[in-house]
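# Coordinate inspection notes
Here are the chains, one letter per residue:
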Amino acid sequence: MKEILYISCSPKAAEATSNRFGQQVLDRICARHPSARINRRDLALTPPPFVDAAFCAAIMNPAANAAAFDASDVLIEELERADALVIATPMHNYTVPAVLKAWIDQVVRIRRTFASTPTGKVGTLKDRPVFIVVASGGWFTGPSPAGTPAQPDFLTPYLRAVLPTIGLTTIHVLTLEGVTRGSDALAAAWTNAMQSLERILPTAT
Ligand SMILES: Cc1cc2nc3c(=O)[nH]c(=O)nc-3n(C[C@H](O)[C@H](O)[C@H](O)COP(=O)(O)O)c2cc1C
């Protein structure tokens with residue numbers, strides 16, 4: 001493994017639970033692959049551009065509007081170089097933060113990272129392990145320990161649908177739920193996610 005792409009998107013930077021656990025994922029992958037280089041792409045610090053009129057025009061006529069893909073090309077090339085991908089994200093209003101959606105809109109690109117075929121969209125990137133770390137204030141995989149019903153989750157099903165669209169099918173989701181509900185809840189979430197990580201790693205990397 002030569003390069004790991006680390007995508008972070010919490011506005012809380014190093015304080016963020018998603019980033020603190022994401023660093024644990026990186027540390028453990030690097031322990032197994034000591035020569036691996038980490039490429040850090042902080043989407044909160046440097047948000048990708050939103051899709052605009054020029055980008056839409058380039059989708060229809062790439063030759064005439066190639067410059068509109070400059071940012072997209074850089075982000076896709078980073079993805080292509082990576083042997084593993086770690087995405088560390090908070091849950092914002094039941095789904096991905098806007099900056100992560102902006103990144104997705106730049107890298108999921110017809111005729112570049114996927115082809116549209118009569119049988120559906122076919123990803124053109126080579127597969128590689130993708131670790132997704134999700135931190136949420138409340139609970140969404142089930143009810144809270146106090147019995148509050150699970151929140152809707154448009155984050156993990158979305159990433160599990162959109163990443164395979166470009167060929168990234170080997171997805172490992174690690175959740176830290178209830179992280180704003182006191183130190184005991186945070187500690188339980190951390191222990192839980194760490195156990196999942198230790199279980200996954202031996203075969204994942
Ligand atoms: C704008 C915003 C929306 C949020 N929406 C949700 C939500 O829908 N569900 C939830 O459980 N927590 C929600 N939270 C809480 C965050 O998920 C929580 O603070 C989490 O720790 C953030 O991860 P981070 O520390 O990595 O940034 C929201 C927080 C913000 C700032």
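It should be noted that the structure appears before, not after, this text.
Reference entry: report on the structure contained in this document. Predicted, not measured: the structure shown is a model, and the values here were computed from it. (Residues numbered from 1 in each chain as written. Predicted model: local features only at pLDDT ≥ 70, side-chain atom pairs only at ≥ 80, totals over all residues. Heavy atoms only, no water.)

## Some thoughts on the side chain of R41
Rules: Elements are defined by DSSP. Helices are runs of H or I of four residues or more, strands are runs of E of two residues or more, and each kind is numbered from the N terminus. As used in this structure description, the phrase polar contact means that two N or O atoms lie within 3.5 Å; if the pair is within protein, one of them must be able to donate a hydrogen and the other to accept it, and residues adjacent in sequence are counted only when both atoms belong to side chains. Note on contacts: a residue pair qualifies if any of its non-hydrogen atoms lie within 4.5 Å across the two residues.
Following the sequence through the fold, R41 ends up in strand 2 (residues 37–42). In this structure the side chain of R41 is engaged in a polar contact, spanning 2.7 Å, whose partner is the side chain of E78. Sequence-distant contacts of R41, defined by excluding residues within four places in its chain, comprise L5, Y6, I7, S8, V74, L75 and E78.

## Things to note about the sheet that holds strand 7 (residues 171–177)
Sheet strands pair by backbone hydrogen bonding; their relative direction is either parallel or antiparallel. For clarity, the cut-off: Only strands joined by at least two bridges in the DSSP assignment are considered to pair. Axis definition: a line fitted to C-alpha atoms, over the contacting stretch in the case of helices. Angles run 0 to 180 degrees between N-to-C directions.
Strand order across the open sheet formed by five strands is 2-1-3-6-7, with parallel pairing between neighbours. Each having just a single partner strand, strand 2 and strand 7 make up the two edges of the open sheet. Strand-to-strand twist in this sheet, taken as the mean axis angle between neighbours without regard to direction, amounts to 15°. Both strand 1 (residues 3–8) and strand 3 (residues 84–90) contribute to a ladder of five bridges, which runs parallel. Bridge assignment links I4 to a residue of strand 3, and that residue is A84. Where helix 1 (residues 17–32) meets the sheet, it contacts strand 1, strand 2, strand 3, strand 6 (130–136) and strand 7, and its direction lies at approximately 175° from that of strand 1. Sitting on the sheet, helix 3 (residues 70–81) touches strand 1, strand 2 and strand 3, and the angle it makes with strand 2 is about 150°.

## Examining the site of the ligand
Stated precisely, the cut-off is as follows: Being near a molecule or strand, for a residue, means having at least one of its heavy atoms within 4 Å of it. Where accessible areas are quoted, they stem from the Shrake-Rupley method and a 1.4 Å probe; at the residue level, only the protein chains shown are allowed to cover. Classification convention: Asp, Glu, Lys, Arg as charged; Ala, Val, Leu, Ile, Met, Phe, Trp, Tyr, Cys, Pro as nonpolar; all other residues, Gly among them, as polar.
With respect to spatial proximity, 17 residues lie near the ligand, and among them S10, S18, N93, G138 and Q151 are the closest. One nitrogen or oxygen atom from the side chain of S18 is found 2.5 Å from an oxygen atom belonging to the ligand. M91 places a polar main-chain atom, nitrogen or oxygen, 2.8 Å from an oxygen atom of the ligand. When the ligand sits alone it has 620 Å² of accessible area, and the protein chains cover 75% of it. The residue inventory of the shell around the ligand, partitioned by class, reads six nonpolar, ten polar and one charged.

## Examining the nonpolar core
Put simply, the rule reads: In these notes, a set of buried Ala, Val, Leu, Ile, Met, Phe, Trp, Tyr and Cys residues joined through side-chain atoms within 4.5 Å is what counts as a nonpolar core. Buried, partly exposed and exposed residues are distinguished by accessible area as a fraction of the type maximum, computed with a 1.4 Å probe on protein chains only: under 20%, between the cut-offs, and over 50%, respectively.
In terms of nonpolar packing, the biggest core is built from 29 residues, with L79, I87, L100, W103 and L163 touching the most fellow members. Element by element, the count of residues in this core is highest for helix 4 (residues 98–107), at five residues. Residues A36, A135, L176 and A204 belong to the second largest nonpolar core, which totals 24 residues.

## Side note on the environment of G167
In this structure, G167 sits in the loop between helix 5 (156–165) and strand 7. The spatial distance from the C-alpha of G167 to the C-alpha of E78 is 15 Å, given a sequence separation of 89 residues. Sequence-distant contacts of G167, that is, excluding residues within four places in its chain, are made with G123, L125, K126 and D127.

## Quick word on helix 1
Let me state the cut-off plainly: For a helix, the expected span equals 1.5 Å multiplied by the number of residues minus one.
For helix 1, which comprises 16 residues, the first-to-last C-alpha distance of 23 Å matches the rise-based estimate of 22 Å (1.5 Å per residue) to within 8%. Within the span of helix 1, buried status applies to T17, S18, N19, F21, G22, V25, L26, I29 and C30. Against strand 1, strand 2, strand 3, strand 6, strand 7 and helix 6 (183–204) lie the buried residues of helix 1.

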